[in-house]
Amino acid sequence: MKWMPAASLFLLALPALAAPPSPAVGPPGKPAQDTCTECHQALDDPRLQHPATLAADDIHHRQGITCAGCHGGDPTAEDPQQAMDPKKGFVGKIPAQRIPEVCGSCHSDASFMLRYAPNIPTDQLAQYRTSKHGLGLAKGDTRVATCASCHGAHGVLPASDARSPVYPTRIVETCERCHGNKALMANYRISGQEVADYKQSVHYNALTVKNDLSAPTCNDCHGSHGATPPGVASVSNVCGNCHLTQREAFDLSPHKDAFAALEQPACEACHGNHKVLPPQDSWIGVGEGQVCGSCHSASDQGAQVAAALFGALDGTVKRLEAAHARVEQLEARGMLMDEAAVQLEEAHQALVLARNEVHTANRARVEAQTSQAQQALAKAEGLAKAAEEELRFRHNGLKISLAVILVAVVALALKIREIESRSQ
Amino acid sequence: MKLLEKLWRALDERYDLQPLLAFAKEKSVPCHRHDWMYYFGGLTLFFFAVQVATGILLLLYYRPTAEAAFESVQFMMTRVPFGWLIRSIHSWSANLMIASAFVHMFTVFFSGAYVKPRELTWWTGAALLLLALGFGFSGYLLPWNELAFFATRVGTDMVSKVPFVGHWLLKVLRGGEDVTGATLTRFFGIHVAVLPMITTFLIVLHLAFIQRQGIHVPEGEKPVRTRPFFPNFVLREAMVWLVGLALLAALAAFFPWELGKKADPFAPAPAGIKPEWYFLFMFETLKLLPAKVAGIEGEILGLAAFTVGGLFWFLAPLWDKRRARGARNPWALAVGWVVLLYIASFTVLSYLGVFK
């Protein structure tokens, strides 16, 4: 079939889509009935058959929206010529440039969307237009992502469906289809390494290994429809959405203003952006591979504070590990160490808080927490010592008991021998 | 000494104790290659006495409710002076008592001591072993820890397989549909009142039968020389008891009995739930059986087989007439070896993790 110029197609289709007339849109909640799927399912050409086979699962089709809802035409006509009559608004394959408008014709219509869900957002198209993808498309770049690139064209599933390409655990692979293509990304001065980096991060691990759906994936930081990289000023806000206490601590630190003045992104400066690895205490310092060294030199006050922070954390960690091993060993030897375990947990909690206080870069605040941890550790060590003494007491008691029993057994044996030799 | 003699005379005058003393002096025990086996009955009795003594001490602190049982045992293990020792000895002694009772039973079986005229001694002994297993099963739940809770749930569930009255029996045993605080309370009652009463009565009977009939001497060892019961045998038995005591002390000191985690009825069953070692051979056998055998549930078939097998073992004095006549019975010996090898191999293989 011959394609009509895009603009005229758009004009033809838009009135039908903005207020979809019956029978293109059926009553909500009732699967659509149309001749399009019936005929296309029977076709031999997989390119034409495939969309129809996906219709049964498609959220639109399940909600009564026929193929004509997007493609126009007459979904009740038996005759293919009539069903796909351009005069009836039939548009065939929708060009990439038009996809956001086609989807937006319903999804931006609050009164129409209200028929399906009262709280469904209707600002996707507006957001998309502000996104890097939307801006690119507006300039005529058809390689950028449109609605169908992420949600699929046919067989569209709700984002809450685990099979959907925009379900939290699948978004990474969806974005990776383009953003993992280094040749394509080179056109936009993007390295194409971002997704591979993200896959090494704590966030990806939480999402895929721990199955924590609240862990951030691409769209949690970049936005879904208004996808764009967070700017220098907004990085700490993005991370702070979840890492609230770290953000509050950072806001108290001298780094906040200094980073702003240097136009350095706050969290990213130390933790990276996509490849956010599990933070280590050993990062604190100005040595090689340590994060403070990016700005501080070994002779300045920042280096001294960093050394003090590391010292406070490292000393506590080592003491905690030693106490842990000691308590575990006592447990393995049969001692009940529940109270010591409580103290160890308290020390661990205080250490977590101390690590959070590192974001303030305030030595006193960090040491206040590590000293809490040390106090709990001292109690745990006291309990471990008492248990070790108790074990020594038990073993000494056993030795004495066994010696007494042995003496009694020997005495009995001698007595028996004496009695039996007398009687013989 | 004069005072003691005076006391003896005063008692003898009133209670005519001379014949008893004469009986004790005359009483003797056979002496032969296999007379070591005579000590295991006494050793089992010793462990039972330890159980009674330590059990009474545990009662001073134990609280039999779902809310307080675990905490009370924890309190005993950590706060009560020597509480850890008493509880560990009670747990270890229970296991050693059952082990010693098993050894005693098999030595009696292999030596053919169960045949006429000692049928009642065998039957009271078998009943005592069952009671000991009952002690083990009911006592296992009392600390109300996770493993015990789920093992009891599995164990009591077996009762529901009994045809017709299974469900009713299950409810009686558990005090409801599931293992709850009501189960704990009735297991406690059974453990500290019902079972000790019946056991004491049967022990008295068991000993009275032995006393009346004398100790059995295996065929092939007759005629035998004897040794006086008092003091020779008593002193030897005392030596065995002291060794048992030393073993208990060492086990309690080096391997204090674990308490584990408090039972949480709403938590999923932890992996690797196992009953006590003396139920393992039955547990593993039931697990090996297919779900259905000829249309009958595998577990029901297994339990029925154990009941029939147990009954066959129990009734040994009735089917083994050859040994009663003093003849050899290779069939009975074969039965004994098969049972012993089956129980021993399944228990060991279970510990080796072969059935996982």
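Residues numbered from 1 in each chain as written. Chains lettered and ligands numbered in written order. Predicted model: local features only at pLDDT ≥ 70, side-chain atom pairs only at ≥ 80, totals over all residues. Heavy atoms only, no water.

Right, let's get into the overall build of chain A. Along the backbone of chain A there are 23 helices and zero strands. Its C-alpha atoms give chain A a radius of gyration of 35 Å, more than 25% over the compact-globule value 22 Å for 424 residues. Once the C-alpha set of chain A is aligned to its principal axes, its extents read approximately 125 × 80 × 40 Å. Relative to its 424 residues, chain A shows a buried fraction of 33%. (Helix = DSSP H or I, 4+ residues; strand = E, 2+ residues; numbered from the N terminus. Rg over C-alpha atoms; globule rule 2.2 N^0.38 Å. Buried < 20%, exposed > 50% of the residue type's maximum accessible area, 1.4 Å probe, protein only.)

Our focus in this paragraph is the interface of chain A and chain B. On the side of chain B, 22 residues touch chain A, which itself brings 20 residues to the contact. Buried surface at the junction of chain A and chain B, summed over both partners, amounts to about 1,900 Å²; 73% is from carbon and sulfur atoms. Scanning the region where chain A abuts chain B turns up three salt bridges. For the salt bridge of E420 of chain A with R227 of chain B, the shortest nitrogen-to-oxygen distance reads 3.5 Å. (Contact = heavy atoms within 4.5 Å. Buried area = accessible area lost by both parts, 1.4 Å probe. Salt bridge = Lys/Arg side-chain N within 4 Å of Asp/Glu carboxyl O.)

We describe a pair of aromatic rings using the distance from one ring centre to the other and the angle between the two ring planes. All names here are of chain B. Overall, the coordinates contain 35 aromatic pairs over all chains when judged by the stated rule. With a centroid separation of 5.1 Å and an interplanar angle of 10°, the aromatic rings of Y39 and F233 are classed as stacked. With Y39 in helix α3 (residues 38–59) and F233 in helix α10 (residues 229–254), the pair connects residues that are 194 residues apart, well separated along the chain. The pair formed by Y39 and F233 is uniform in burial state, with each residue classed as buried. Arranged with centres 5.0 Å apart and planes meeting at 85°, the rings of W92 and W257 form a pair that is edge-to-face. Here the residue W92 occupies a position in helix α5 (residues 83–111), and W257 occupies one in the loop between α10 and α11 (280–288), the gap between them amounting to 165 residues. The ring of F229 has K27 lying over it, and the distance from NZ or CZ to the ring centre is 4.9 Å. Directly above the ring of Y351 sits K274, whose terminal nitrogen or CZ lies 5.3 Å from the centroid. (Phe/Tyr/Trp six-rings, centres within 6.5 Å; stacked < 30°, edge-to-face > 60°. Lys NZ or Arg CZ within 6 Å of the ring centre and 35° of its normal.)

Here chain A averages 90 in pLDDT, and 94% of its residues register 70 or above. Mean pLDDT values over the elements of chain A span from 40, in helix α1 (residues 6–18) of chain A, up to 97, in helix α22 (residues 338–357) of chain A. (pLDDT = per-residue confidence, 0-100.)

Residue and element names in this part refer to chain B. Looking at the secondary structure, you find D35 in the loop between β1 (28–31) and α3. Since its relative accessible area comes to 14%, D35 is described here as buried. Residues within four places of D35 in sequence aside, it is in contact with P30 and R227.

Okay, the pattern of salt bridges next. In this structure the tally under the stated criterion is 31 salt bridges over all chains. With its nearest N and O atoms 2.3 Å apart, the salt bridge here joins R79 of chain B to E339 of chain A. Taken as a pair, R79 of chain B in the loop between α4 (69–78) and α5 and E339 of chain A in helix α22 lie in two separate chains rather than in one. Residue classification places R79 of chain B among the partly exposed positions, given a relative accessible area of 48%. Judged by relative accessible area, E339 of chain A falls into the partly exposed class, the value being 42%. A network of salt bridges, in which partner residues are shared, links E420 of chain A together with D35, R227 and R236 of chain B.

Within the secondary structure layout, Q124 of chain A lies in helix α9 (residues 124–130). Other than its neighbours up to four places away in sequence, Q124 of chain A contacts H107 and H225 of chain A.

Residues and elements named next belong to chain B. Interaxial distance between α4 and α5 falls to 6 Å at its minimum, and their mutual angle equals 115°. Only G83, W84 and R87 of α5 make contact with α4, whose side of the interface consists of V73, M76 and M77. Classifying every residue of the contact of α4 with α5 gives four nonpolar, one polar and one charged. (Axes fitted to C-alpha atoms, helices over the stretch in contact; angles between N-to-C directions. Nonpolar A, V, L, I, M, F, W, Y, C, P; charged D, E, K, R; others polar.)

Residues and elements named next belong to chain B. Together, V162, F164, V165, W168, L169 and V172 make up an exposed nonpolar region whose accessible area comes to about 640 Å². Positionally, W168 belongs in helix α8 (residues 166–174). Residue W168 is classed as exposed on the basis of its relative accessible area of 58%. (Patch = residues over 30% accessible without salt bridge, like charges linked within 9 Å, V, L, I, M, F, W, Y side chains within 5 Å. Areas by Shrake-Rupley, 256 points an atom, 1.4 Å probe, with all protein chains shown as cover.)

Turning next to the nonpolar core. All names here are of chain B. Among the nonpolar cores identified, the biggest contains 41 residues, and F47, F102, M105, Y114, W122 and L248 are the most heavily contacted of them. When residues of this core are traced back to their parent elements, those giving at least two are α3, α5, α6 (119–141), α9 (181–213), α10 and α15 (330–351). At eleven residues, α5 tops the list of elements feeding residues into this core. Both of domain 1 (34–101 + 109–219 + 226–268) and domain 2 (274–356) provide at least three residues apiece to this core. (Core = buried A, V, L, I, M, F, W, Y, C linked by side-chain atoms within 4.5 Å. Domains from an automatic or database assignment.)

A word on the domain arrangement of chain B. Residue and element names in this part refer to chain B. For chain B, the assigned domains read domain 1 (34–101 + 109–219 + 226–268) and domain 2 (274–356). The gap between the C-alpha centroids of domain 1 and domain 2 is 21 Å. On the side of domain 2, 28 residues touch domain 1, which itself brings 24 residues to the contact. Summed over both partners, the interface of domain 1 with domain 2 comes to about 2,300 Å²; 72% of that surface belongs to carbon and sulfur atoms. The largest contributions to the domain 1 side of the interface with domain 2 come from F109, F110 and K161, which together make up 28% of the buried area.

With omega at 15°, the peptide bond leading from K116 of chain B into P117 of chain B counts as cis. Assignment of secondary structure puts P117 of chain B in the loop between α5 and α6. Cis geometry is found at the peptide bond from F230 of chain B to P231 of chain B, where omega equals 5°. Position of P231 of chain B relative to the elements: it lies in helix α10. A positive phi angle, near 60°, is found at N211 of chain A, a position not held by glycine. Look at A361 of chain A: it is not a glycine, yet its phi comes out positive at around 55°.

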